[in-house]
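# Architecture at a glance
In case you want the letters, here they are:
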2 protein chains.
Amino acid sequence: MAPWGERLAGVRGVLLDISGVLYDSGAGGGTAIAGSVEAVARLKGSRLKVRFCTNESQKSRAELVGQLRRLGFDISEGEVTAPAPAACQILKERGLRPYLLIHDGVRSEFDQIDTSNPNCVVIADAGESFSYQNMNNAFQVLMELENPVLISLGKGRYYKETSGLMLDVGPYMKALEYACGIKAEVVGKPSPEFFKSALQAIGVEAHQLLSM
Amino acid sequence: MAPWGERLAGVRGVLLDISGVLYDSGAGGGTAIAGSVEAVARLKGSRLKVRFCTNESQKSRAELVGQLRRLGFDISEGEVTAPAPAACQILKERGLRPYLLIHDGVRSEFDQIDTSNPNCVVIADAGESFSYQNMNNAFQVLMELENPVLISLGKGRYYKETSGLMLDVGPYMKALEYACGIKAEVVGKPSPEFFKSALQAIGVEAHQLLSM
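Here's what I pulled together on the structure shown here. (Residues numbered from 1 in each chain as written. Chains lettered and ligands numbered in written order. Predicted model: local features only at pLDDT ≥ 70, side-chain atom pairs only at ≥ 80, totals over all residues. Heavy atoms only, no water.)

## Focus: the interface of chain A and chain B
Contact residues are listed per partner, giving 29 residues for chain A and 29 residues for chain B. Buried surface at the junction of chain A and chain B, summed over both partners, amounts to about 2600 Å²; 64% is from carbon and sulfur atoms. The largest share of the area that chain A buries against chain B comes from Tyr132, Leu167 and Tyr178 of chain A, three residues that together contribute 33% of it. Across the chain A-chain B interface, the total number found is 0 salt bridges. The interface formed by chain A and chain B holds 14 residue pairs in polar contact (both at pLDDT 80 or more) in total. Elements that contribute at least two residues to the side of chain A that touches chain B include exactly α5 (132-143), β9 (158-161), β10 (164-167) and α6 (169-180) of chain A. Ranked by the residues each element gives to the side of chain A that touches chain B, the list is headed by α6 of chain A, at 8 residues. (Contact = heavy atoms within 4.5 Å. Buried area = accessible area lost by both parts, 1.4 Å probe. Salt bridge = Lys/Arg side-chain N within 4 Å of Asp/Glu carboxyl O. Polar contact = N/O pair within 3.5 Å; in protein donor to acceptor, adjacent residues only side chain to side chain. Helix = DSSP H or I, 4+ residues; strand = E, 2+ residues; numbered from the N terminus.)

## Describing the packing of α5 of chain A against α6 of chain A
Residues and elements named next belong to chain A. Where α5 contacts α6, the two axes come as close as 10 Å, and the packing angle between them is 40°. Classified by the angle between their axes, α5 and α6 sit oblique to one another. Viewed along their axes, α5 and α6 form a crossing whose handedness is right-handed. Facing α5, whose interface residues are Met135, Ala138, Phe139, Leu142 and Met143, α6 presents Tyr172, Ala175, Leu176, Ala179 and Cys180. (Axes fitted to C-alpha atoms, helices over the stretch in contact; angles between N-to-C directions. Parallel < 35°, antiparallel > 145°, perpendicular 65-115°, else oblique. Left-handed = near helix turned anticlockwise from the far one by under 90°.)

## With respect to the packing of aromatic side chains
According to the stated counting rule, one finds 8 aromatic pairs over all chains in the structure shown. A ring pair is formed by phenylalanine 139 of chain A and tyrosine 158 of chain B, whose centres lie 5.4 Å apart and whose planes are at 45°; its orientation type is tilted. Within this pair, whereas phenylalanine 139 of chain A is found in helix α5, its partner tyrosine 158 of chain B is found in strand β9 (residues 158-161), the two belonging to separate chains. You can call phenylalanine 139 of chain A buried: its relative accessible area is 0%. In this structure tyrosine 158 of chain B comes out as partly exposed when scored by relative accessible area, which is 32%. Where tyrosine 172 of chain A meets tyrosine 132 of chain B, the ring centres are 6.4 Å apart and the plane angle is 35°; that geometry is what we call tilted. Taken together, the residues span two chains, with tyrosine 172 of chain A in helix α6 and tyrosine 132 of chain B in helix α5 (residues 132-143). (Phe/Tyr/Trp six-rings, centres within 6.5 Å; stacked < 30°, edge-to-face > 60°. Buried < 20%, exposed > 50% of the residue type's maximum accessible area, 1.4 Å probe, protein only.)

Here's what the structure looks like:
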């Protein structure tokens, strides 16, 4: 691999992941990963544009940012690209009314969305809300639609909490795909549209970017 | 399609499915499908060998047979081929100690199985027991094994209850496959070994069989 000096030539912006890069989530708000608070501060003090790009879908941006600030990070809500707001934009553009299979912590992001008489399902990292009953509700909504639309906020297999590995949204997305014989639309990483929206927010082109 | 007379020439045995063929499961023991009680009686009164071959994995054979007898069917436990006993035989042969992600109704089939210090996962149609916590327990057991073994009792997508469509074991099998990057071993239909064991029980060859 090329040395850092060469790799940084032409770089104008940095996309930073949050979970597992800045901090490990877990009981009591999780813990900052060693050196990450200082690294963010140095990046933000440099000539580089910085944006936080996360697949976090258990919490609203407000809650996530509050938690990170308590851990010492210099970060504001407007600096975060997250799947829930991106999904809301898609729902509005396409006139979709979702059944929400999501964590209560992220529900506030969908406050402006009509959820009556659902004509699609939005699935996110719902944690304990991935009950059989809720999964079956989502399944039944999809099976009653002529053109079933399943929108998944990310497709991660699992993530690490301080207490151990935890199932992420991806396995549950696969479960509904198999049950209904359909393919989900993924909003969030690794979707190119999601990365593009993060880049647009800081006015940086893809070739000028460092992502970590 | 050939007329019934021709199709039955050389037929010596009949395999009958149970759920969705003899009865629809549901509250209060479900309901017999019209004509099925009489059809079973006529088959058993004929020269044909009859065996019941089911992927039912929410109930023990004893419970299932009790329910069917109450609906009027002439059926005994020894006439039923089901995935749970077939799985128990595999577990014993290979020295496997399962974490059981199953419905309480079928647990008695595993009474003779050592479940201490699990070195595999057995997943069945667990219904409400498909909680996030139980799925995560199964996931963590698999992730800690050098050679993760996941045995699935069937791989059905969904089944019909009197109250509507219900998610079967298949979607949850797919979820764990994706989470762990593994492939499950399916015990039950459509596995050829499972059909063979049903045929052996009535001493009939595959070409002498009618299956419905």
